[in-house]
There are 2 protein chains.
Amino acid sequence: MKTSAPPILPDEGMWTFEAPPLARLRREFGWAPDRPWLERLRRASVRFNDGGSGAFVSGQGLVLTNHHVAMGQLQKLSTAGRDCVKDGFFARSRGQERRCPDLECNVLVSATDMTRRVLRAVPPRLGPAEANARRKAEISRIEKESAEATGLRSDVVELYQGGQYWLYRYKKYTDLRLVMAPEAGAAFYGGDDDNFTYPRYALDFAFFRAYEDGRPVRPKAFLPLEPSGPRPGEPLFVSGHPGGTDRLLTEAQLDFERRVTVPARLERVRAMLGAVKSYQARGAEQARRGRDHRVNRENADKALTGEAEGLSDPALLARKRAEEAALRAAPASRPARSAWGRIAAARGAYERRFERHTFRRLWGYRLTGFADTIVRWVAEVQKPNEKRYEEFRDSALDSLKHRLFSPAPVHLDLEEAMLAHGLAESARKLGASDPFVRAVLRGRSPERAAKEALRGTRLADPAVRRALVEGGPRAVGSSSDPLLLLCRRADPYYRAERSWYEDRVEGTERLEGRRIAEARFKAWGKEAYPDATFTLRLSHGRAEGYAWNKTLVPWKTTFNGLFDRAASFDGQGAYALPPRVHGAKGRLRLETALNFVSTHDIIGGNSGSPVVDRRGRYVGLIFDGNIQSLSANYAYPGGAGRAVSVHAGAIREALRAVYRMPGLLRELSA
Amino acid sequence: MKTSAPPILPDEGMWTFEAPPLARLRREFGWAPDRPWLERLRRASVRFNDGGSGAFVSGQGLVLTNHHVAMGQLQKLSTAGRDCVKDGFFARSRGQERRCPDLECNVLVSATDMTRRVLRAVPPRLGPAEANARRKAEISRIEKESAEATGLRSDVVELYQGGQYWLYRYKKYTDLRLVMAPEAGAAFYGGDDDNFTYPRYALDFAFFRAYEDGRPVRPKAFLPLEPSGPRPGEPLFVSGHPGGTDRLLTEAQLDFERRVTVPARLERVRAMLGAVKSYQARGAEQARRGRDHRVNRENADKALTGEAEGLSDPALLARKRAEEAALRAAPASRPARSAWGRIAAARGAYERRFERHTFRRLWGYRLTGFADTIVRWVAEVQKPNEKRYEEFRDSALDSLKHRLFSPAPVHLDLEEAMLAHGLAESARKLGASDPFVRAVLRGRSPERAAKEALRGTRLADPAVRRALVEGGPRAVGSSSDPLLLLCRRADPYYRAERSWYEDRVEGTERLEGRRIAEARFKAWGKEAYPDATFTLRLSHGRAEGYAWNKTLVPWKTTFNGLFDRAASFDGQGAYALPPRVHGAKGRLRLETALNFVSTHDIIGGNSGSPVVDRRGRYVGLIFDGNIQSLSANYAYPGGAGRAVSVHAGAIREALRAVYRMPGLLRELSA
C-alpha cells in the first residue's frame, strides 16, 4: 500500500537554511534563492537569546528587532527616575548608546549534520533512560570539542523529534547597546486587546548596536532597509528563530497537550497574571517594575487561548488523525510499530505525575531563578562534562554567566510577591502534607516563607552571586543566605522530578520519536521541515489581505488608521496616542504604510525577524501573528492566518517625523 | 403552573408609539419620554414607501434619509448622459431641486385600535378561508370609511400575528424633490464587501424636500441636526419603519423558514444576481442601468446568508423551542391547544406546493410588474371594494397610480433580460410540461418569449399604461400589446395560486395566530412588542462598542479611517476614494466622527431612521446593521449585534468640506 505524504500548503514551512524547499519555491514563485543569497541572509540574521530574532541593517553593527523583544533590556535599563519602556530611548550619538546588562545575540556561522555520530553512540536495544544518557553524553562531547576547536558557541540541535542532529556554530555577541526604542504607547499601540489581532497600528521596532572590543561590529552581511516595502503578491522571505512547534507530535501527545498541558499552562499563566496585577496595584513604581512580567503573561494568556482553540478544532484533529493512521499503515513503519503505543504509555505515566512534576519546584521570579541556578551550578560542575544537565555543560557556561551575573536591577518586593504566589500555588496544588511543600514552607504561610527568603537575601548583588559560584559547593553549602537555603531545600525534589521525566518520558519520546522519524523519512522522503527549535529558519510567503467576518481585510494599514483608532476610542487607555506621535500628525505622511500581513509560517521567537524580498532588501519586520494564526504550534494555519509586520516605510517615517533621528536615518540609507 | 414570559433583553424591541415601554425605559435609563416628546418625534418621522425611513430636519420640508433609500429615485432620475448615482446630485438652489418620478412618503398622523371591530366581523367557528375573506372585507370597509372621512391614507395594520388590528392614518406626500445625494463611491464606500460590516466609513445620506401645492412643506415637527452626535452610553432612540420580522413565528413556521423559504429565496436571489451581472457585462450603459437592481440583489444575498446562519444557531432555536413549550403548557393556552398543529399542517401543505406556488408567476422587472398590475387592476376594480385584492382597494388606488404611471425611464433590454431569466427559472423549476410554462412559453425558448413580449410592447410609455387602466377590461382585453398578452396568459395561474395560499395558509395562520396571540396576552400580559410591519416603531439603546475577534471594536469611526481604508486597499475597487472626497482631505477635520454603532433593535426598513437623544436632537442616521445583527429577523441579536449609523457630525462635515453646500448647512442650522 502506497500512502502519500501529508500535503504541505503553498506557503507552509519553517525550513532550515541547509535544506530550503528550492523546488517548491521554483514551482510557486518561479524563483528560488541561490547559495550566496541564502548565505548573506543567514549572516545578517541575528538571534536574541532572551527569545527573539533580529537582523543587521547597517555596516556598523546596527541591529533591528521588535520593541517587545527589546523590552526585557529596556526594563532592565530603567529606574524609578528614568522609564525607557514608557518614554522610549533615543541615542543621538554613539556616546549615548547604552550597554544592555545581560543580552546575548548569536549569528549562525555553520551547521553540520551530526546525526550518524549521535545515533551511533546509542546502541540499539538500550532502555530509554540509558539511551537518553548516552545520547546526551555524545552531544556534550560534540559541543565541547567544537567550542574548544573554534571558540564559537556550539549547540547540537535535535530535529524531527530525534530523527536528525546538527551541530550549529554561532558567532556570539554580548556587548549590545541600545540605540533607539519608541515609547511603549506607540510600539505596543492597542495593548493587550490589539495583541494578536489585525488590522494593527504598532511601531513595534527597536535598534541595538553590536560591539566587539569596544567598537561597532562590522557584520559580514546586512540587509538594507527598503522603505517602499513589499508589493502584494511578490515572493517574500522571513529569516528568524521560531521558538518551538509541535507539529510532528503523535496523536497521543497532541491529545495530552489538549487535555493536560495547555489547560494547566493557561491556569498557571492566569494565576501569575493575577499575582503580578495585585503587585502592580500597590503603586506607580510597582506598576513600572512589574510591567514586562505583566505584558509577557498577558501575551501568553492570549496565545495559549488561541492554541487551546486550535487544539479543539475538529478539522485540525481529523487531519492529524488521518496523517498518523496513514503513516502507521505504511510498510516503512514496521520497525516503529510499537513506537506510538510506547509514547502514549509514557504520556500516561506523565499525566499521573503531572501536578507533582509541575509544582515540586520553586516558582518565583528572576532572583529565585538565580539562586536555583547557583545551587545547581556548583553541584553540576563537579561532574564530568557529559553527565551534567545540558545548561551546565562547559560549552554553555559563558552564556549562563552572562545572565547570572547581570548587573540589571532586582526588585525584592516583586521577587517576594511572585515567590509567595508560587509557593501558594504549590501548596494549593500539592496539599500541605506534600514533602516538598513541607520542606519549603516549614509550617509557615507562603507569604511568610517568601518574605523570610527575600528580606534577608544578598543575592540581588551580582558580585555576591559571582562569589558563590566561584566559591563552589563549600561557599554555597556554608552560606546562610535565606533564599539560597530555600533553594537548597527544594533542590532534591527538582532533581528527582527531572530525572524521572528524562528517563521515563523524554527518553522514551526520543527513542521512539527517532523510530517514527525514520519511518516517516522512508515512507514520505525528506521533503518536510522539522519542528521549530529556536534555530534559524526560512519561511516563504507573500503580503496578502484576506476575507474575514464577511468583508475584506486589507494587506496593509496606514498612519491614517492609527489616528482613526485613537479618535475612535476617544483616546482611552491603550488607544491613547503618545504625545510625540500626536504632535507629529502634521509632519507625518499619513498614507505611509504602517503594518502589513503576509502568509509566512511563523511562531513566537520569530518576533523581530526581517522580511526580505528577492533582492534581499529589508521590507518588513515581523512582530506578531493574527488571531487566526494562533494554532500555528500544531499546524500551519493557512486560510485567514497571517504574520503581522511593521512596514519598512513606517520605520523610516517614524524616525523622520516622530522621533527625528536624522543620524540613524542616514546610517540606514548608507 | 405559572410560566414566566420570555425575557426581553435590555435594548430589545421595536415598540409602537401607542405602547412604548415606558416602565422599562425608566428602569434602564432613569428617564422615559412623555407624550409631547413622542408626538413630536412621530410627526417628524417619515416613511419612504419604496422601503425606508427618514425624518424632517428643517422647517422647510427638508427630509434626511439614506443614499441607499434614495437610490431607486436617483437611478430613475439618471440617464446615459447624467448619472446621479455615480456622480451624486447637488441642488444649490430651490430651483435646482428635482422632482422624483414616483416616490411617496407618509407621516403617521393617528393610530386607532380596531381590534374589536375586525374580530367581531369574523364569527367563531368559520373555516379559515371564509374567516379570512370576512376579515379582509371588514378591513377594506374600515380603510374606505376612514379615507373618505379624512382624506388621509388609511391602512389597517395587523399586529401580533392577528392579535390586534390598528387603523393608521397617514399624511401623504407625492411631490418629493431631490436636494442632495453624495456620489455612490462615498455613500456606499466599500461596496458589497463592507455592506453589513463594521467598522465602516460610509456617507450614506441624502436629502429630499417635500412639497405640497408647489411649495415646500412646513412640517408639524422636525429634528434639528446635532453635529456633536451622541455620547457613548446615553439614552438614544430610533424612530423608523422596520419592514418585517418573524419573531413570533411558531416552531413549525420557523423550521419552514429555515428549511424552505430562506434557502429558496437565497437561490432565487443568487440566480437573479447572475442574470443582472450578465446583463451589466454588456457595456457601460448597461452596467449603469442595472446598478440598483444589482446592489439590491447583492444586499439581499448577504442579508439572507446572515439570516440563514441565525436560523441555524442552536441557541436561537433552543430558546424558541423553550418559549413555545412554555406557552403551550400554560393554562391560558387551552382554547388555542390545536392552533400550533393546524399551523404546522398548513405549512406542510404549503411545502408540498412551494415550487409551484413560487414559480407559476412571471418574474420579470419593472415593466412586467406594470403589465401584471394593469391586467389585474381592470378586473379587480369591477368587484365590490371589500372583495378585491388588498392592493386594489379604493383606499390604495391613488398610491398605486403614482407608481404605475411613473414617468421614470424604462430600459427594454434590461426588462427583457430579467424576464427571460424569470421565464427560464420557471421552466427549470416546473418543467416544460407544466401548464403555466406551456401557457407563457408556447413552445418558445424563454429568451425568445421574453424578446417577443418586450420588443413590441408600448407599455414603457406611462400614457399608454394610463389609457389601458382608464379603458378598463375592454381596452385591456382588446389590446394586442405582446407583454400584456403574456401577462393575461399568466394571470389565471397567479390567481389560482394566490387563492389557494390565502385560503389554506394565510387563513389558517391568521385564525390560529390570533388564538395563540390571545393565549400569549393572557399568559404573559401585553408587555411585549409586535413583529415589525413597516409601520412606525420606536427602538431604544445606546452608542456602544463591543468585543469581537479577541479585541475591541470602537463605538465610532472617523474620517481618518476612511483615508486609511482607501490607502490600505491601494485605492482598489469599491475602496477607491471619489475625487471630491480625495480632494477634500486638506479641508476635512479628520478626527470628525463618521459612523457609529448602537444597540438599537432594527431591521431592513429602518434604513434612514433618525437616532435622537433625550432632547430630541438628531444625532445619527441609521443605515445598516453589522454581520452579528443579521439574525434580527428571528430574535433581537444582543451580544455584538449592532445598528450602524452615519454620525450627524459627518453629515455636516461632508456638506462643508467635501460638497461645499453652505445653503443646505444654513438651513440645517436654522
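Quick caveat: nothing in here was measured; it's all calculated off a predicted structure. (Residues numbered from 1 in each chain as written. Chains lettered and ligands numbered in written order. Predicted model: local features only at pLDDT ≥ 70, side-chain atom pairs only at ≥ 80, totals over all residues.)

1. Focus on the overall build of chain A
- When helices and strands are tallied, chain A shows 24 helices and 21 strands.
- For a compact globule of 670 residues, the expected C-alpha radius of gyration is about 26 Å, and chain A comes in at 25 Å, within 12% of that figure.
- Seen through its principal axes, chain A has C-alpha atoms that stretch 70 × 65 × 50 Å.
- Restricting to contacts in chain A with at least 6 residues of sequence separation, those with at least 24 account for 78%. (Helix = DSSP H or I, 4+ residues; strand = E, 2+ residues; numbered from the N terminus. Rg over C-alpha atoms; globule rule 2.2 N^0.38 Å. Contact = placed C-beta atoms within 7 Å.)

2. Notes on the sheet that holds strand β17 (residues 556-558) of chain A
All names here are of chain A.
- Taken in spatial order, the eight strands of this open sheet run β1-β14-β13-β19-β20-β21-β18-β17, and their pairing is antiparallel. Edge positions in the open sheet fall to β1 (15-16) and β17, since each of these has one partner strand only.
- One ladder, built from five bridges, connects strand β20 (residues 618-625) with strand β21 (residues 643-647); its direction is antiparallel. Bridging across to β21, G620 finds its partner in H647. (Pairing = 2+ DSSP bridges.)

3. Observations concerning the environment of B:S399
Residues and elements named next belong to chain B.
- As for its position among the elements, S399 is in helix α15 (residues 394-404).
- Note on S399: 19 C-beta atoms within 10 Å, which makes it partly exposed.
- Taking the C-alpha atoms as reference points, S399 and D102, 297 residues apart in sequence, are found 9.3 Å from one another.
- Once residues lying within four places of it in the same chain are set aside, the contact partners of S399 are N49, E104 and R153. (Buried ≥ 20, exposed ≤ 12 C-beta atoms within 10 Å, placed from the backbone.)

4. Thoughts on the nonpolar core
- Ranked by size, the top nonpolar core spans 345 residues in total, and within it A:V57, A:V63, A:I374, B:V57, B:V63 and B:I374 carry the most contacts.
- When residues no more than four places from it in sequence are discounted, the contact partners of A:I374 are A:R465, A:L468, A:V469, A:V476 and A:L484. (Core = buried A, V, L, I, M, F, W, Y, C linked by C-beta atoms within 7 Å.)

5. Observations concerning the relation of the copies chain A and chain B
- Each copy superposes on the other: chain A lies on chain B with an RMSD of 0.0 Å after a rotation of 180° and an axial shift of 0.0 Å. On the angle and the small slide along the axis, the relation comes out as a two-fold axis.
- Both copies present the same face, since 100% of the interface residues in chain A are matched by interface residues at the equivalent positions in chain B. (Least-squares fit on C-alpha atoms with pLDDT ≥ 70 in both.)

6. Considering the interface of chain A and chain B
- Counting residues at the interface gives 23 residues for chain A, matched by 24 residues for chain B.
- Among the residues making up the side of chain A that touches chain B, the classes are represented as eight nonpolar, eight polar and seven charged. (Nonpolar A, V, L, I, M, F, W, Y, C, P; charged D, E, K, R; others polar.)

7. Examining the environment of A:E527
- Here A:E527 is to be found in the loop between α20 (482-524) and β14 (537-541).
- Separated by 507 residues in sequence, A:E527 and A:P20 place their C-alpha atoms 9.4 Å apart.

8. Quick look at the pairing of strand β7 (residues 105-113) of chain A
Residue and element names in this part refer to chain A.
- As paired strands, strand β2 (residues 45-48) and β7 are joined by two bridges and run antiparallel to one another. The partner of F48 across the bridge, within β7, is C105.
- As judged from the eight bridges shared by β7 and strand β9 (residues 164-173), these two strands associate in the antiparallel manner. Paired with A111 across the strands is Y168, a residue of β9.

9. Quick look at the packing of helix α13 (residues 339-359) of chain A against α20(A)
Residues and elements named next belong to chain A.
- As a packed pair, α13 and α20 sit with axes 9 Å apart at the nearest point and diverge in direction by 160°. The orientation of α13 relative to α20 falls into the category roughly antiparallel. For the element pair α13 and α20, the recorded crossing hand is left-handed. Residues A339, R342, I343, A346, A349, Y350 and H357 of α13 lie in contact with α20, whose contacting residues are E497, Y501, R504, V505, T508, E509, E512, R515 and I516.
- Split into classes, the residues belonging to the contact of α13 with α20 amount to eight nonpolar, two polar and six charged. (Axes fitted to C-alpha atoms, helices over the stretch in contact; angles between N-to-C directions. Parallel < 35°, antiparallel > 145°, perpendicular 65-115°, else oblique. Left-handed = near helix turned anticlockwise from the far one by under 90°.)

10. Some details on the environment of B:T79
Residue and element names in this part refer to chain B.
- On the secondary structure map, T79 appears in the loop between α3 (67-76) and α4 (84-87).
- Since 11 C-beta atoms lie within 10 Å of it, T79 is described here as exposed.
- Here the alpha-carbon distance between T79 and E285, two residues 206 residues apart in the chain, equals 9.1 Å.

11. As for the sheet that holds strand β13 (residues 236-240) of chain B
All names here are of chain B.
- Sheet architecture is open: eight strands sit in the order β1-β14-β13-β19-β20-β21-β18-β17, paired in antiparallel fashion. Since the sheet does not close on itself, it has two edges, and those belong to β1 (15-16) and β17 (556-558), each with one partner.
- This element, helix α23 (residues 648-658), spans β18 (593-598), β20 (618-625) and β21 (643-647) of the sheet and lies at about 40° to β21.

12. Things to note about the packing of helix α6 (residues 128-150) of chain A against α20(A)
Residues and elements named next belong to chain A.
- Close contact between α6 and α20 brings their axes to 8 Å; oriented N to C, the two are set at 75°. In terms of orientation, α6 lies roughly perpendicular with respect to α20. Together, P128, A129, A131, N132 and R135 of α6 and E502, D503, E506, G507, T508, R510 and L511 of α20 make up the contact between the two elements.
- Its residues assigned to classes, the contact of α6 with α20 shows four nonpolar, three polar and five charged.

13. Looking at helix α18 (residues 446-455) of chain B
Residues and elements named next belong to chain B.
- For α18, the set of buried residues is P446, A449, A450, A453 and L454. Angularly, the buried residues of α18 cover 120° about the axis, an arc narrow enough to put them on a single face.
- Residues of α18 that are buried sit in contact with α16 (412-430), α17 (435-441) and α20 (482-524). (Arc of directions from axis to C-beta.)

14. Observations concerning helix α11 (residues 291-311) of chain A
Residue and element names in this part refer to chain A.
- Here α11 spans 30 Å end to end across 21 residues, near enough to the 30 Å set by a 1.5 Å rise per residue.
- Along α11, the residues that are buried comprise R291, D292, H293, V295, R297, K302, A303, L304, G306, E307, G310 and L311.
- Where α11 is buried, its residues touch α3 (67-76), α4 (84-87), α8 (191-194), α9 (251-280), α10 (284-289) and α12 (314-329). (Expected span 1.5 Å × (residues − 1).)

15. Examining the confidence of the model for chain A
- Summary statistics for chain A give a mean pLDDT of 96 and a share of 100% for residues scoring 70 or more.
- Note on the complex model: pTM 0.94, ipTM 0.92. (pLDDT = per-residue confidence, 0-100.)

16. Looking at unusual backbone geometry
- The linkage connecting A:Y198 with the following residue, A:P199, adopts the cis geometry, with an omega of 5°.
- Turning to its location among the elements, A:P199 is positioned in the loop between α8 and β11 (206-212).
- One non-glycine residue, A:R125, lies in the positive phi region at around 70°.
- Looking at the element boundaries, A:R125 is found in the loop between α5 (115-120) and α6.
- Despite not being glycine, B:D570 has its phi angle at roughly 55°, a positive value.

17. Focus: the pairing of strand β2 (residues 45-48) of chain B
All names here are of chain B.
- Side chains S45 and R47 of β2 all project onto a buried face; the interleaved residues V46 and F48 project onto the opposite face, where all are buried too.
- In this structure, β2 lies alongside strand β3 (residues 52-56), joined through four bridges in antiparallel fashion. Counted as the bridge partner of V46 is G54 from β3.
- Between β2 and β3, which pair antiparallel in sequence order, lie three residues; one of them, G51, sits at a positive phi of approximately 110°.

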